[in-house]
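# Working through the structure, step by step
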Amino acid sequence: MQPTISATGISKAFTVKQIRTIALQDVSIDIFQGELTLIIGPSGCGKSTLLATLSGLTIPDTGAIRTLGTDLVAASDAERDSFRLHHCGFVFQGFNLFPALTAVEQVQVPLDYLGVAADETAERAERALEQVGLAARRHLHPAELSGGEKQRVAIARAIVKNPAILFADEPTSALDSVNGQIVIEILHTIARRTQATVLCVSHDPRLIAHADRVLQMEDGRILRDWRPAAGTKAAGNTSHDYV
Ligand SMILES: Nc1ncnc2c1ncn2[C@@H]1O[C@H](COP(=O)(O)OP(=O)(O)OP(=O)(O)O)[C@@H](O)[C@H]1O
Ligand SMILES: [Mg+2]
């Protein structure tokens with residue numbers, strides 16, 4: 001199977017007040033569709049930087065990234081923006097919902113950006129809310145929803161355009177354990193049902209059991225790459241070995 005995302009030798013360092021931090025050190029990884037890949041590791045190990053780099057939000061200092069056939073390093077800013085708009089959905093820890101919009105209105109926003117006709121946006125938004133189990137709450141505002149429900153609205157907003165890739169950075173960190181498990185299982189189901197590529201970052205090892213594949217990071221490197229259902233394997237081999 002061709003990888004959706006193929007990164008080769010990516011490195012990224014930040015210099016702030018003359019202190020240089022190496023966030024990514026020569027990371028090479030292939031990410032595949034139809035599965036939930038979880039990136040875990042301690043705070044500051046480079047998880048968010050890796051996610052931002054693989055989604056084209058951050059440009060690596062060195063290395064190459066091919067995503068859905070697009071060279072994200074060589075692409076212009078406008079090409080990267082267009083790539084994300086058309087192919088990627090994003091979910092973050094803080095939900096990022098508009099206080100004044102109802103759930104169904106929040107979910108329609110990305111379709112408006114894409115120029116989808118108004119009658120179609122309403123129908124697609126309702127279907128996306130159904131997929132996260134929130135059809136009955138579609139006319140509520142964020143203040144009237146629980147944290148878990150808000151995150152499910154954010155997931156519906158991320159999947160309404162049927163993106164090939166869903167990026168989630170700490171989507172369960174603001175939630176209690178039960179709601180965290182509901183959210184990670186929704187992401188897992190999306191990967192299986194829609195064959196999307198789902199890449200999720202978390203520092204919470206309790207999510208491992210819900211992932212198809214786990215990349216464990218430390219100090220800007222991927223130390224372990226394994227499939228929880230299939231046992232353990234050392235990093236350095238791509239998942240070509242498993243498929
Ligand atoms: N924009 C930035 N400017 C300066 N340093 C940065 C920037 N982004 C990340 N870093 C540094 O790079 C390292 C990796 O950061 P990153 O945010 O990727 O870690 P993380 O694994 O996501 O951590 P956390 O679990 O706390 O979110 C950290 O030392 C961080 O301080
Ligand atoms: Mg982070």
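Residues numbered from 1 in each chain as written. Chains lettered and ligands numbered in written order. Predicted model: local features only at pLDDT ≥ 70, side-chain atom pairs only at ≥ 80, totals over all residues. Heavy atoms only, no water.

Looking up the protein in an unreviewed UniProt entry gives the name ABC transporter ATP-binding protein, with the organism given as Phyllobacterium myrsinacearum. Regarding the protein, the relevant UniProt record gives this comment under Sequence similarities (unreviewed entry): "Belongs to the ABC transporter superfamily. Macrolide exporter (TC 3.A.1.122) family." (UniProt positions renumbered as here; feature names shortened; annotations may be inferred.)

With 95% of its residues at a pLDDT of 70 or more, the protein shows a mean pLDDT of 93. Here residues 236-243 scores under 50 on pLDDT; set against residues more than four positions off or in separate chains, the count is 17 contacts. (pLDDT = per-residue confidence, 0-100. Contact = heavy atoms within 4.5 Å.)

So, on to the site of ligand 1. Close to ligand 1 lie 13 residues, the nearest being Ser43, Gly44, Lys47, Ser48 and Thr49. Measuring from an oxygen atom of ligand 1, one finds a side-chain N or O atom of threonine 49 at 2.6 Å. When isolated, ligand 1 has an accessible area of 630 Å², and the protein chains bury 61% of it. For the shell around ligand 1, the secondary structure elements donating two or more residues are β1 (5-16), β2 (19-31) and α1 (47-54). For the shell around ligand 1, the leading source of residues is α1, giving 3 residues. A breakdown of the residues in the shell around ligand 1 according to their chemical character gives 5 nonpolar, 6 polar and 2 charged. (Near = heavy atom within 4 Å. Polar contact = N/O pair within 3.5 Å; in protein donor to acceptor, adjacent residues only side chain to side chain. Areas by Shrake-Rupley, 256 points an atom, 1.4 Å probe, with all protein chains shown as cover. Helix = DSSP H or I, 4+ residues; strand = E, 2+ residues; numbered from the N terminus. Nonpolar A, V, L, I, M, F, W, Y, C, P; charged D, E, K, R; others polar.)

Spatially, the 6 strands line up as an open sheet ordered β6-β7-β8-β3-β9-β10, and their pairing is mixed. A single partner strand is all that each edge strand has here, and the edge strands are β6 (88-92) and β10 (221-226). Averaged over neighbouring strand pairs, the angle between their axes works out to 15 degrees when direction is ignored. Pairing between strand β3 (residues 36-40) and strand β9 (residues 213-218): 4 bridges, direction parallel. Opposite isoleucine 40, over in β9, you have glutamine 216 as the bridge partner. Docked against the sheet, helix α6 (residues 177-194) engages β3, β7 (165-169) and β8 (197-202), running at close to 155 degrees with respect to β8. (Pairing = 2+ DSSP bridges. Axes fitted to C-alpha atoms, helices over the stretch in contact; angles between N-to-C directions.)

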